[in-house]
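Overview (structure and organization)
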Amino acid sequence: MFPVFLQACTSNKKIYNSDCDVNITFKKIGFTQLIDSIEDYDEQYVEVSGTYKEAKEQSALYNDSLFVDHSNKHALWINFSQDCPLYLKGTRTGLFEASDGGFTPMNNKKITIRGKINLHNTGHLGLYKGAIDRVSSVEL
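Okay, so let's go over this structure. Each residue is numbered by its place in its chain's sequence as written, counting from 1. Per-residue local features are limited, in this predicted model, to residues with pLDDT of at least 70; the limit for side-chain atom pairs, both in listing and counting, is 80 or more; totals at the level of whole chains, interfaces and linings are taken over all residues. Side-chain measures were taken over the full set of non-hydrogen atoms in the model, leaving aside hydrogen atoms and water.

**Regarding the state of the cysteines**
So the rule is basically this: Criterion for a disulfide: a pair of cysteine sulfur atoms within 2.5 Å. Secondary structure is summarised from DSSP: a helix means a run of H or I of at least four residues, a strand means a run of E of at least two, and numbering begins at the N terminus for each.
Tallied over the entire structure, the rule returns one disulfide. Between Cys20 and Cys84 runs a disulfide, and the two sulfur atoms are separated by 2.2 Å. The disulfide joining Cys20 to Cys84 has a torsion of about -100° about its S-S bond and is therefore left-handed. Taken together, the residues Cys20 in the loop between strand S1 (15-17) and strand S2 (27-28) and Cys84 in the loop between strand S5 (76-78) and strand S6 (87-88) connect sequence positions 64 residues apart.

Structure representation (structure tokens):
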């Protein structure tokens, strides 16, 4: 019974990939470590998890720990680009396409994202620690 339960939990994950940077090795890093030493990761490709928040003029990844600062200065702007369209693995359904009557729910969800760190892009009004550009994978 336990293996069936595990399979049920993992089968709900949705992975959206792009054809960008398919030959790049991404460095898996914890959110806190990335924020604390972000200068060391400028222009590098990383995989990081956190809570995604979207709103008018907001597209950002925040630490999902309850014990850290959740201000914008400790968050990363997520720079989704039409140059790297994201599609549901095994389909041509896009992350930002409406399906089943709505868009893919991402707001306030934990996601794992792959992309390139850019310290020169600090997001809307310069409020963020840096950005993740060239987003090539999002796992919900």
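More follows now that the structure is in view.
**Quick word on the pairing of strand S4 (residues 58-62)**
Keep this limit in mind: Accessibility here uses a 1.4 Å probe with only protein chains present; expressed as a share of the type maximum, an area under 20% marks a residue as buried, one over 50% as exposed, and anything in between as partly exposed. Strands were regarded as paired on the criterion that DSSP finds at least two bridges between them.
Burial runs high along S4: four of the five residues are buried. Bridge count for strand S3 (residues 45-55) against S4 is five bridges, and the pairing is antiparallel. In the strand pairing of S4, Glu54 is matched with Ser59. Pairing analysis gives two bridges linking S4 to S5, with the strands arranged antiparallel.

**Considering the pairing of strand S7 (residues 109-118)**
Buried residues dominate S7, accounting for seven of its 10 residues. The pairing of S3 with S7 spans eight bridges and is antiparallel. Bridge pairing in S7 places Ser49 opposite Thr112.

**A short note on the nonpolar core**
Put simply, the rule is: As used in this record, nonpolar core signifies buried Ala, Val, Leu, Ile, Met, Phe, Trp, Tyr and Cys residues forming a set joined through side-chain atoms within 4.5 Å. Residues count as neighbours in contact if any of their non-hydrogen atoms are within 4.5 Å of one another.
Leu34, Val48, Leu61, Ile113 and Ile132 are the most contacted members of the largest nonpolar core, which totals 22 residues. Those elements giving two or more residues to this core turn out to be helix H2 (31-36), S3, S5, S7 and strand S8 (130-139). Those residues within four positions of Ile113 in sequence are excluded, and the remaining contacts are Val46, Glu47, Val48, Leu61, Ile78, Ile132, Val135, Ser137 and Val138. Residues Ala60, Ala75, Trp77 and Ala131 belong to the second largest nonpolar core, which totals six residues.

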